Amino acid sequence: MGCLKNLIRSVILTLAVVGFFSLGGKEWIMKYSSQWFNPSHEVMLERAKKVGDFSAINEEFELEKATGMFGYNGVAAEHKATGQKFIVIDANKKPLLSKEDLQSEDIENKLKSVISKVKYQAIAVEDLQVTKRGSVYSYGKSAPYVRFNAKISKLPIGDISGIISVAETKDGESRLLISANEKSKYSQLIADEFFKKIK
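Fair warning: this is a prediction, and the values are worked out from it, not measured in the lab.

Caption draft 1: Expanded view of the nonpolar core. In this structure, Phe54, Phe86, Val88, Phe194 and Phe195 are the most contacted members of the largest nonpolar core, which totals 23 residues. Here this core takes 4 residues from helix α6 (residues 188-196), the largest share from any one element. In contact with Phe194, other than residues within four places in its own chain, are Phe54, Ile57, Phe61, Ala77, Phe86 and Val88. Ile89, Ala91, Ile107 and Val114 belong to the second-largest nonpolar core, a separate cluster that totals 18 residues.

Caption draft 2: Here's a closer look at unusual backbone geometry. Despite not being glycine, Tyr139 shows a phi value in the positive range, around 55°. Positionally, Tyr139 belongs in the loop between β4 (124-138) and β5 (141-153). For Tyr139, a relative accessible area of 3% puts it in the buried group.

Caption draft 3: Fine view of the packing of aromatic side chains. As enumerated under the stated definition, the model contains 6 aromatic pairs in all. Ring geometry for Phe54 and Phe194: centres 6.3 Å apart, planes at 40°, overall tilted. In this pair, Phe54 is assigned in the loop between α3 (41-48) and β1 (61-69) and Phe194 in helix α6, connecting sequence segments 140 residues apart. Residue classification places Phe54 among the buried positions, given a relative accessible area of 2%. A residue is classified by how much of its surface remains accessible, and Phe194, at 1% relative accessible area, is buried.

Caption draft 4: Up close: α6. Burial in α6 covers these residues: Gln188, Ile190, Ala191, Phe194 and Phe195. Projected down its long axis, α6 shows its buried positions confined to an angular sector of 155°, all on one face.

Caption draft 5: Just the side chain of Glu78, in detail. With respect to the helices and strands, the residue Glu78 is situated in strand β2 (residues 72-79). Of note is the side chain of Glu78, whose polar atom sits 3.5 Å from the side chain of Lys85.

Caption draft 6: Geometry of the environment of Phe195. For Phe195, the location among the structural elements is in helix α6. For the pair Phe195 and Ile57, spaced 138 residues apart in sequence, the C-alpha separation works out to 8.7 Å. If sequence neighbours within four positions are ignored, Phe195 has contacts with Phe86, Val88, Val136, Tyr137, Ser138, Tyr139, Ile163, Leu177, Ile178 and Ser179.

Parameters and conventions
- Residues numbered from 1 in each chain as written.
- Predicted model: local features only at pLDDT ≥ 70, side-chain atom pairs only at ≥ 80, totals over all residues.
- Heavy atoms only, no water.
- Core = buried A, V, L, I, M, F, W, Y, C linked by side-chain atoms within 4.5 Å.
- Buried < 20%, exposed > 50% of the residue type's maximum accessible area, 1.4 Å probe, protein only.
- Helix = DSSP H or I, 4+ residues; strand = E, 2+ residues; numbered from the N terminus.
- Contact = heavy atoms within 4.5 Å.
- Phe/Tyr/Trp six-rings, centres within 6.5 Å; stacked < 30°, edge-to-face > 60°.
- Arc of directions from axis to C-beta.
- Polar contact = N/O pair within 3.5 Å; in protein donor to acceptor, adjacent residues only side chain to side chain.

What follows is the structure in structure tokens.
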């Protein structure tokens, strides 16, 4: 009797699944899973508002992620033609770096300290060297940056180059700005173009 009950249950369950898919269930699942994993540009801009106004960036840049994790809100973007990556982190409650840190002579050690605090990294940064200092315009203000070269292990990229900056919003909150690409492909002009559009 128990086997007959289980057989009837499995037949009913099979008919329910077949009926669901024949009435458009597959399209319904694909629609909602696509919206969850690949949100529209408008949804991404809405999520990114926690970090800043990204509506003025042009089409050559694509917002990839806007999310909150470990007490930080962040936005990741990419320059479509070159693959240059940009990360903007709302680090106001738990600042990782300050403007004063970027202007200090001991910045390499401070950067290495920040990198060592990030546990469970998918990548490992080695041989970090600060090569240059400058300023970038973002959130309507000038912000100091340091340019760096580093080696990345656990990924096939190898050597990278980029900048790390700390900008201040109109409300006085700090934002950590990072831009990086393969060493030979990094462009400061592209980084300047992206960061100056954030308000």
